[in-house]
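Summary of the model geometry
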Amino acid sequence: GAVVSQHPSRVICKSGTSVKIECRSLDFQATTMFWYRQFPKKSLMLMATSNEGSKATYEQGVEKDKFLINHASLTLSTLTVTSAHPEDSSFYICSASPTRTGRLGGYTFGSGTRLTVV
Amino acid sequence: AQSVTQLDSQVPVFEEAPVELRCNYSSSVSVYLFWYVQYPNQGLQLLLKYLSGSTLVKGINGFEAEFNKSQTSFHLRKPSVHISDTAEYFCAVITNAGKSTFGDGTTLTVKP
């Protein structure tokens, strides 16, 4: 079945530094990838949708300059949290779909990245 | 706009008992329905989905769900749960345009 690998699984960084999270589709080409943020005991909040070769579409309230998304190939999308602050600490999850909407198969999710900013 | 309401935030149940996790949704457009499971510090795993056709959908790990259009519900059921089913369960809807909306999750705790 479709596998999405997310790396790193955990990262601790100092306030003011940048952190890059990778999301790879291992056995399919992901034309669309999604980035979510999950707060403790809360649901997933869609941050942005990225389509290979084009700019990401950010959800309302998500800072584009703070959460940089790159989807340069059909198997890799990256999320860079720039100038991280403690309030950016969260669980970030990516998902991928071989179609532009994901409706046919549902999304395949990565295992998530626990970001802690100290 | 779409919204998803998972009616129970926590469901405790004894091992081998049946369980139902409830999900209601609202949407002004047609949507597709999904249930996901999340184990601690992990991503989400697809349990089952309803795209069209038979309203009773069977998924992995013995779970099934029934789509009820008139009641706009998509409740998840399992006739006999195991300790290993303890996890967070999310109901989600996705529009044709790919817009996804998740419920707040239901914590299923299976006790011995």
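For the structure itself, look to the data block above.
Note that the structure is a prediction, hence the values are computed from the model and not measured.

Within chain B one finds zero helices and twelve strands. Seen in sequence order, chain B has helices and strands lined up from the N terminus as β-β-β-β-β-β-β-β-β-β-β-β. A compact globule built from 112 residues should have a C-alpha radius of gyration of about 13 Å, and chain B, at 13 Å, falls within 12% of that. Projected onto the principal axes, the alpha-carbon positions of chain B cover approximately 45 × 30 × 20 Å. Split into buried and exposed, the 112 residues of chain B put 46% on the buried side. Nonlocal contacts in chain B, meaning residues at least 24 apart in sequence, comprise 55% of its contacts between residues at least 6 apart. Per element, the accessible surface of chain B, about 5,300 Å² overall, is 50% carbon and sulfur.

A few words now on unusual backbone geometry. Residue and element names in this part refer to chain A. In this model, histidine 7 is joined to proline 8 through a cis peptide bond whose omega is 0 degrees. Tracing the backbone through its elements, the reader meets proline 8 in the loop between β1 (4-7) and β2 (10-13). For serine 83, which is not glycine, the phi dihedral falls at a positive 45 degrees. Residue placement: serine 83 occurs in the loop between β8 (76-81) and β9 (90-97). When its relative accessible area of 34% is taken as the criterion, serine 83 is described as partly exposed.

Now for the pattern of salt bridges. All names here are of chain B. Enumeration according to the criterion identifies seven salt bridges over all chains in this entry. Between arginine 22 and aspartate 8 there is a salt bridge, and its shortest N-O distance comes to 3.0 Å. Of the two residues, arginine 22 sits in the loop between β3 (19-21) and β4 (23-27) while aspartate 8 sits in the loop between β1 (2-6) and β2 (10-14), which places them 14 residues apart along the sequence. A salt bridge links glutamate 64 to lysine 58; its shortest N-O distance comes to 2.8 Å. Classification of lysine 58 by relative accessible area gives exposed; the value is 62%. Members of the salt-bridge network, linked through shared partners, are Glu20, Glu66 and Arg77.

Conventions and cut-offs
- Here the residue numbering is sequential within each chain, running from 1 through the sequence in written order.
- Here every chain gets a letter starting at A, and every ligand a number starting at 1, in the order they are written.
- Thresholds applied to this predicted model are a pLDDT of at least 70 for local features of residues and 80 or more for the giving and counting of side-chain atom pairs; totals over whole chains, interfaces and linings are not thresholded and use all residues.
- Side-chain calculation: all heavy atoms of the structure are included, whereas hydrogens and water are not.
- Strands are runs of DSSP state E lasting at least 2 residues, helices are runs of H or I lasting at least 4, and numbering of each runs from the N terminus.
- With C-alpha atoms as the basis for the radius of gyration, the globule rule is written as 2.2 Å multiplied by the number of residues raised to the power 0.38.
- Partly exposed residues are those whose accessible area sits between 20% and 50% of the maximum for their type, while under 20% is buried and over 50% is exposed, using a 1.4 Å probe and protein chains only.
- Contacts between residues were defined by any pair of non-hydrogen atoms, one from each residue, lying within 4.5 Å.
- Computed with a 1.4 Å probe, the accessible areas rest on the Shrake-Rupley method; for each residue, only the protein chains presented here act as cover.
- Salt bridges are counted wherever a side-chain nitrogen of Lys or Arg sits within 4 Å of a carboxyl oxygen of Asp or Glu.

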